[in-house]
Amino acid sequence: MSDVKHYKEALQHPIFNTISKAATHLQLDCYVIGGFVRDYLLQRGTAKDIDIVAVGSGIALAKKVSKLLPDNPKVQVFKTYGTAMLKTNDIEVEFVGARKESYSEHSRNPIVEDGTLEEDQNRRDFTINALALHVSTDNFGEIVDPFGGLEDLKSKIIRTPLDPDITYSDDPLRMMRAIRFATQLGFKIEEKSLQAITKNKDRIKIITKERIVDELHKILLSNTPSIGFKLLEKTGLLSFILPELVALKGIDEIEGQRHKDNFYHTLEVVDNISENTDDLWLRWAALLHDIGKAPTKKFSKKVGWTFHGHEFIGSKMVFKLFKRLKMPLNDKMKFVQKMVLMSSRPIVIASEVTDSAVRRLVFDAGDYIEELMTLCEADITTKNPKKFKKYHNNFKTVRQKMVEVEARDHIRNFQPPVTGEEIMQTFNIKPSREIGIIKEAIKEAILEGDIPNEHDAAFTFMIKKGEELGLTVMN
Ligand code: CTP
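Criteria and cut-off values
Residues numbered from 1 in each chain as written. Predicted model: local features only at pLDDT ≥ 70, side-chain atom pairs only at ≥ 80, totals over all residues. Heavy atoms only, no water. Helix = DSSP H or I, 4+ residues; strand = E, 2+ residues; numbered from the N terminus. Contact = heavy atoms within 4.5 Å. Patch = residues over 30% accessible without salt bridge, like charges linked within 9 Å, V, L, I, M, F, W, Y side chains within 5 Å. Areas by Shrake-Rupley, 256 points an atom, 1.4 Å probe, with all protein chains shown as cover. Salt bridge = Lys/Arg side-chain N within 4 Å of Asp/Glu carboxyl O. Lys, Arg positive; Asp, Glu negative; His and termini not counted. Charge placed at Lys NZ, Arg CZ, Asp CG, Glu CD. Phe/Tyr/Trp six-rings, centres within 6.5 Å; stacked < 30°, edge-to-face > 60°. Buried < 20%, exposed > 50% of the residue type's maximum accessible area, 1.4 Å probe, protein only. Lys NZ or Arg CZ within 6 Å of the ring centre and 35° of its normal.

K.L.:
Can you help me understand the environment of Phe459 in this one?
P.N.:
Considering the arrangement of structural elements, one finds Phe459 in helix α24 (residues 455-468). Phe459 sits 17 residues away from Ile442 along the chain, and the two C-alpha atoms are 8.9 Å apart. The contact partners of Phe459, leaving out residues within four places of it in the chain, are Val418, Glu422 and Thr426.

Shown next as structure tokens:
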């Protein structure tokens, strides 16, 4: 058996010795399997989640391991699934008895029976996730790879141990996982697998929205998210998950006038922004920044293709989309809405950068001006090098102006220089509509540059405005 490969160095963490001892005591074989082995072999760092398969009772093994550990961690048992979990120091270990599974048509929950290690590996999603390392003393570190997972890791292939039609139909979440792994790892999905995903695409409906969104987040947080979205589109899954994006696909031509394909443009923007930010929600904003373009698209003989008001419509669509996908309707959603709503603002002012336009931009974007500029810079996808340079230079000018204007006018986190209290005292009036009108006029005058953002100037302006409204200053 000289050609059997060993990876003892993968099992350096002391927990593996403890598991090994416990297994000897219970006289059973056990293996570490799945993500831990895959990520070790890919040198993606050492995973903190360890999955152990026991040929026998996973729950009994977990309990024994806990007894042998100095801190005797609590063992959480999930009887229905025959699994047990414990946390010790920095790691989380899940134990399961080797099993074979069969699935019914309408559910992801399988019928489970005890099985051999190979049967257990067989029921897993991908060959690269079915690799197992022996943890039992005699064979410590020996790899068990009946489906060619090592070879697939080398050739960067996502492949299922079983007929892919069965693997994906059994658990349709795996369709998302295949695409997510392809995106994260830069792997190719085997052709037969791609066809099976296309065939089973509508089974994605039985998967909970939360799990789908988890996978979408992982795709979005990859280095090149477009890989995943192209695969989702190609297989037809995207129509079930984000039809708003599919609606952006295609180029129309009337009287020789064409618009760009907003789907592929969007994906370029997402890839661009991913070079500059790891903020998940800003990446979501990039993904959704143009979704209002499908419902607002019009052709006019005079001006060609237009998408009037697409930012406003798009920001409304963000709410519906988040709601449909059961994503939290919280500040993150509001942030994405704001980015979509304001996504054209810096572009509009970039061709002629005035102080007042910059002040208004900074005022409206509030705390998120940096994120908005990052989005707009990512939005430059022209293939014309002259234009590319020109647009980037325009944004540089906007950024410079922002710094100048901010140093002078402190518009960011704007606080009214004259308070409502002061207005009431000056004119001896009670809370009323006039106070709002005066405050708004002061803000407008500052943003326009008619008065500086200072108390005394704003106070003089307030008196003038109050008198215009028929108020008199108290002596
Ligand atoms: N698995 C599976 N089908 C699924 C989910 C998981 O077959 N739908 C198997 C795979 O063998 C996988 C293991 O269970 O490797 C552990 O799953 P999980 O912890 O969800 O994923 P990892 O592969 O560890 O990777 P990641 O943490 O990136 O999701």
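After presenting the structure, the write-up continues.
K.L.:
What is the right way to look at a negative patch on the surface in this model?
P.N.:
Residues Asp49, Asp51, Glu92 and Glu94 make up a contiguous surface patch of negative charge. The set of elements that each furnish at least two residues to the negative patch consists of β2 (49-54) and β5 (91-97). Within the secondary structure, Asp49 is located in strand β2.

K.L.:
Looking at this structure, how should I read the packing of aromatic side chains?
P.N.:
The description of an aromatic ring pair uses the distance of the two centres, along with the angle that the planes make with each other. A full pass over the atoms with the stated rule returns 9 aromatic pairs. Measuring from centroid to centroid gives 6.0 Å for Trp281 and Phe322, while their planes differ by 45°, and the two rings are tilted. Here Trp281 is found in helix α14 (residues 280-288), whereas its partner Phe322 is found in helix α16 (residues 310-324), with 41 residues between them in sequence. Trp281 gets classed as buried once you look at its relative accessible area, which sits at 14%. Exposure remark for Phe322: the relative accessible area of 0% places this residue in the buried category. Members of the aromatic cluster, each reached through a chain of ring pairs, are Phe126, Tyr168 and Phe181. One residue, Arg180, lies across the ring of Phe181, its end atom 4.2 Å from the ring centre.

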